[in-house]
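Residues per chain, in single letters:
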Amino acid sequence: MIFRYFRISTIENSFKKLNELKRGIRKGSFEKKDRESVSQKLEINLAEFPPAAQAALKLNSEFKNKHLNDQTEPQNKIPNLNLSDNKIQSLLDEVSQPDFDLDPLKLEEDAKFFRTKTNCSGCGALLQCNDKQRDGFIDARKFKLLTKQELNFTVCFRCEFLKTKKKLLNVTSNSFDYDNLILKKIVSNKKAHVVILVDLLDMPNSIYDGWSKLIQENSSVDMIILGNKFDLLPNTGPKFEHSVMKSLSYQCLKKGLKGPQIKHVDLISAKTGFNLEKVISKFFDCWNDEGDVYLLGMANAGKSVLFNKLLSSDYCRPLASEALIRATTSFWPGTTLNMLKFPITFMNEKKIGQRQRRLKSELDKLVEIEDKRVKRYEKTHELKDAEVFGLVGSSFKKYSIQDDQIDLENAQATYSIDETTGMITVGENFENNRDLKQKFKRDARLIFKPEMYKNKSTWFYDTPGVLQSQKILQNFSKKELEIIFPKGLIMPRIYWMVPGQTLLVGGLIRIDLLESTNDERVLFSIMASPALPVINPFKTEDADKIYDKYYNEGNILRVPHKHHIREEPLPSLKSKTFEVSGIGNHMAMSDIVFSCFGWTAVTSRPDVKAKIRAFTLGGQGLQIREPSLLPFIVNLRRKWDRKDGSQSFKAVYYKKPNLLKYL
């Protein structure tokens, strides 16, 4: 994979403007009163050049030392700028020709250039080319050929490598004090609003204790709390959504997120777009042009995925939506290193009407799609058709660009471009014209500058995630993470155990049932990626021996893989002991959470108390969660599978959730 650089019109325009200045000086058409403005214009044009072009121009000592006052004298005193047609063409060709290998061992550094004030469009790190071991690095050869405007739409080598090679490069970054850099900034902002994104699969680990300080220290800060990854949860009955909302609200309450400053709590899927249009409408209702909005969440909660969805929606200003590069997303936590942002759309009556008309038209389309999915699911029972989903789009149809003046009252994505006037209007067959799309993207990036919204818009910020128990994921390979993280809806694997038995889920989770009242059996509903194997219960006294055997012989446990080369060794299994009380065979009272690896719902007869020892790598993130996220999950069991001494229950396909009631 190689980087490719194309000729950008800003560079060509800058050369043309310099030639015009040179011709004007020779003809003596510049009056003394115009000298100051001409000088400023000349400096602006030079600043637009890439560093390589600037260096070529500055090699001319006369150009470097002469002042504009001297340039307005007779022709024999005009400095030779070395800007012949051949020179211009050679510099332009230099921009368009280089191809660089995407190889970490072939990167070039240049100590002359220090860290810029421009952020990587993918992860937010400040761009630099003097140290490839640090965040924000781009190859020095590439850096020298990019203008300041092009840097605004450039990603660092780490992001490029992650997108193309699907591998995470560990780079050194400045120590990040989340509380001081993020939370203090929000507290000091008199009109700040906060969206907290909670990973439903990892509660309460996905709720940071420090977020409650925002409410306590600044009474003007208000919040909307969103539970993400709802699409991965199976429908367990009529009170399915109620039980999830109840668990989310209670866990937030325990962490201090309570009171009138909590404006709304909802369930979404950033991946499938489920419920996002409803949430966007809530954003407009609560915070229309009344302060900046900050997206907070733990690492791997799905913040960057949500940020990208909002960037393509009505919530983002149209020109920015077309121009800005999407945030880098990956399996690994901690991808975002600094804040990313986009300008928020201000809604007036006209735009509200446009949005409502689009949502109404899309409702019919959504109902039609859902009807097809329901019929297909009834025939095939494929879980993909049972996932909740939604449509996210833009309501604002066009805008125009004329002499760098942007009409932001209209907007969106079907355009044709008039080369003579620079006008962008609705065009025919735009969606089928790939070249036209790419040209429009380039033109939008030439026009878009954050400064144009400085006093006209509020901003939406994606912030770096908090790394706690999720940090261990950075030491897994991509193949291992593809096994750890579920790709679709999770169905439970239900096993029963009696005291003295142990259950393994891959090499990541171990469950020992130590005691139970009257040695009653206890049901464990395992909610983890279906790619992680579950080893049928066996005697606890043999657990260490069996774990070592399966880990060393073949690839039975799958994760962690013995032969994977790691920068740091994984920690060993460490345990915590929990006591759980049963409330009936058809309802779980508690969940045991294994951090980012999954959880198990624990079910037993009434008045049965069980003592359970739970293990996970490093012991971090082991929590007891009450009430259970899905208390009726055990009811998806049917027939006990007695084959080969198995202690599992056969799963049954469940009723597809009624998506239409969310619309």
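Read on for an overview of the structure. Since the model is a prediction, treat every value here as computed from it, not as a measurement. (Residues numbered from 1 in each chain as written. Predicted model: local features only at pLDDT ≥ 70, side-chain atom pairs only at ≥ 80, totals over all residues. Heavy atoms only, no water.)

### Examining the sheet that holds strand β15 (residues 509-516)
Reading across from one edge, β17-β14-β15-β21-β18 is the order of the five strands in this open sheet, with antiparallel pairing throughout. The open sheet has two edge strands with one neighbour each: β17 (534-539) and β18 (573-581). Neighbour to neighbour, the strand axes of the sheet diverge by 20 degrees on average, direction disregarded. Two elements, strand β14 (residues 501-505) and β15, share five bridges in a ladder whose sense is antiparallel. Along β15, the bridge assignment pairs L503 with I511. (Pairing = 2+ DSSP bridges. Helix = DSSP H or I, 4+ residues; strand = E, 2+ residues; numbered from the N terminus. Axes fitted to C-alpha atoms, helices over the stretch in contact; angles between N-to-C directions.)

### Focus on the environment of G582
Tracing the sequence through the fold places G582 in the loop between β18 and β19 (590-594). Note on G582: relative accessible area 13%, which makes it buried. As for G582 and V602, which are separated by 20 residues in sequence, their C-alpha atoms are 7.8 Å apart. (Buried < 20%, exposed > 50% of the residue type's maximum accessible area, 1.4 Å probe, protein only.)

### Describing the pairing of strand β4 (residues 222-228)
Put simply, side chains in a regular strand alternate between the two faces of the sheet. Counted residue by residue, β4 has seven buried out of seven residues, so it is predominantly covered. Burial along β4 is two-sided: the face carrying D222, I224, L226 and N228 and the face carrying M223, I225 and G227 are both buried. As paired strands, strand β3 (residues 193-199) and β4 are joined by seven bridges and run parallel to one another. Residue L197 lies in a different strand from β4, and its bridge partner there is L226. With helix α11 (residues 212-217) bridging β3 and its parallel neighbour β4, the resulting β-α-β unit is right-handed. (Right-handed = clockwise from strand over helix to strand, strands pointing away.)

### What about helix α14 (residues 303-311)?
Burial of α14 is extensive: seven of the nine residues sit out of reach of the surface. Within α14, burial applies to K303, S304, L306, F307, N308, L310 and L311.

### A look at the pattern of salt bridges
Overall, the coordinates contain 21 salt bridges when judged by the stated rule. Here R141 and E108 are joined by a salt bridge, their closest N and O atoms 3.8 Å apart. Of this pair, R141 sits in helix α7 (residues 140-143) while E108 is found in the loop between β2 (99-101) and α7, placing the two residues 33 residues apart along the sequence. Notably, a salt bridge pairs R566 with E480, separated by 2.7 Å at the nearest N-O pair. With R566 in the loop between α19 (543-552) and β18 and E480 in helix α18 (residues 478-484), this pair connects stretches of sequence that are 86 residues apart. On the accessibility criterion, R566 (18% relative accessible area) is buried. (Salt bridge = Lys/Arg side-chain N within 4 Å of Asp/Glu carboxyl O.)

### Regarding the packing of helix α13 (residues 276-287) against helix α16 (residues 349-380)
As a packed pair, α13 and α16 sit with axes 12 Å apart at the nearest point and diverge in direction by 165 degrees. For the element pair α13 / α16, the angle class is roughly antiparallel. Relative to α16, the crossing made by α13 is left-handed. On the side of α13, the interface is formed by E277, I280, S281 and F284, while α16 contributes R355, R358 and L359. Looking at the contact of α13 with α16, its residues break down into three nonpolar, one polar and three charged. (Parallel < 35°, antiparallel > 145°, perpendicular 65-115°, else oblique. Left-handed = near helix turned anticlockwise from the far one by under 90°. Contact = heavy atoms within 4.5 Å. Nonpolar A, V, L, I, M, F, W, Y, C, P; charged D, E, K, R; others polar.)

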